[in-house]
Amino acid sequence: AVELTNTESAAILLLNEDQQSLHFANVTSHAEQLAEISVPIEKSIAGAAFTSGQPVIVSEVDKDPRHFSEAAQQTGFVARSLLALPLQYNKQRIGVLEVENKRDDSPFNQQDIEILTALAAQATVAIENARLTTNLEGIVRQRTLDLETAVIQLKQEIIKHKETARALTAAEERWRSLVTNAPVRIVTIDQEGIILFINHVGSSLTPEEVIGNSVYN
């Protein structure tokens, strides 16, 4: 942007929806100092362009009451003149593109607006594509984490089930051993009198031959 508009600096400011302010997302200089600065929408030239949805040209920045001076205080860079243009995607404003200080101190004009408008359109598409990619990567990471958590929980449930099954089998084996070796005859029947279990019959018959028959026979 600085080469095409013959300016000293350029910056992209994006909307912080939580704070309802603008922050410097990309700058040609003083990136570290500007990274933590929050530019108010209501009291800044960039905010005026964002709110109006129209280009804003300021020939004497220091005399404009909307001038937000904190950036200059942090960086020492003095903006003499400024052109700010809103960034808009699908009729939704997402930020501002601005350039500062013509190198020859000439005023910003319609040609600068047209150049910056073309650059803003390209920048907006790139920004939204980057956001989409980041969002998709975040969704994939979350889905992967959810799946890994579910697999771990499933494995834990399988282990618990196996332990429970082993415990039940062991208990059944102990019960059968106790009942089978009991000195008295133990018989279980259903409501119709059908023998379901007998530990020993005391005759030539085996328990297997008795089970399933009626006690009334």
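Residues numbered from 1 in each chain as written. Predicted model: local features only at pLDDT ≥ 70, side-chain atom pairs only at ≥ 80, totals over all residues. Heavy atoms only, no water.

Trainee: What is the right way to read the side chain of Asp112 from this model?
Mentor: Among the secondary structure elements, Asp112 is positioned in helix 5 (residues 110-180). Overall, the relative accessible area of 4% leaves Asp112 in the buried class. Polar side-chain contacts of Asp112 include one of 3.0 Å to the backbone nitrogen of Asn109. Discounting chain neighbours no more than four positions away, the residues touching Asp112 are Thr5, Leu83, Lys102 and Pro107. (Helix = DSSP H or I, 4+ residues; strand = E, 2+ residues; numbered from the N terminus. Buried < 20%, exposed > 50% of the residue type's maximum accessible area, 1.4 Å probe, protein only. Polar contact = N/O pair within 3.5 Å; in protein donor to acceptor, adjacent residues only side chain to side chain. Contact = heavy atoms within 4.5 Å.)

Trainee: Explain helix 3 (residues 45-52) here, please?
Mentor: The α-helix advances 3.6 residues per turn, and as a result positions three or four apart in sequence lie on the same side. When you tally the buried positions in helix 3, you get six out of eight residues, the bulk of the element. The distance from a side-chain oxygen at the start of helix 3 to the backbone nitrogen of Gly47 is 2.9 Å, and the residue carrying that oxygen is Ser44. Where helix 3 terminates, the next one or two residues include Gly53, which has phi positive at roughly 75 degrees.

Trainee: Hey, could you run me through the nonpolar core in this one?
Mentor: Among soluble globular proteins, nonpolar side chains are generally buried collectively. In terms of nonpolar packing, the biggest core is built from 24 residues, with Leu13, Leu22, Phe24, Ile37 and Val39 touching the most fellow members. Every element with two or more residues in this core is listed here: strand 1 (7-16), strand 2 (21-27), helix 3, strand 4 (56-58) and strand 5 (82-89). Among the elements that make up this core, the one with the highest residue count is helix 3 (five residues). Apart from the residues within four sequence positions on either side, Val39 is in contact with Leu13, Ser21, Leu22, Phe24, Ser44 and Phe68. The next biggest cluster of nonpolar side chains, apart from the first, holds 17 residues, and it includes Val2, Leu83, Val99 and Ile127. (Core = buried A, V, L, I, M, F, W, Y, C linked by side-chain atoms within 4.5 Å.)

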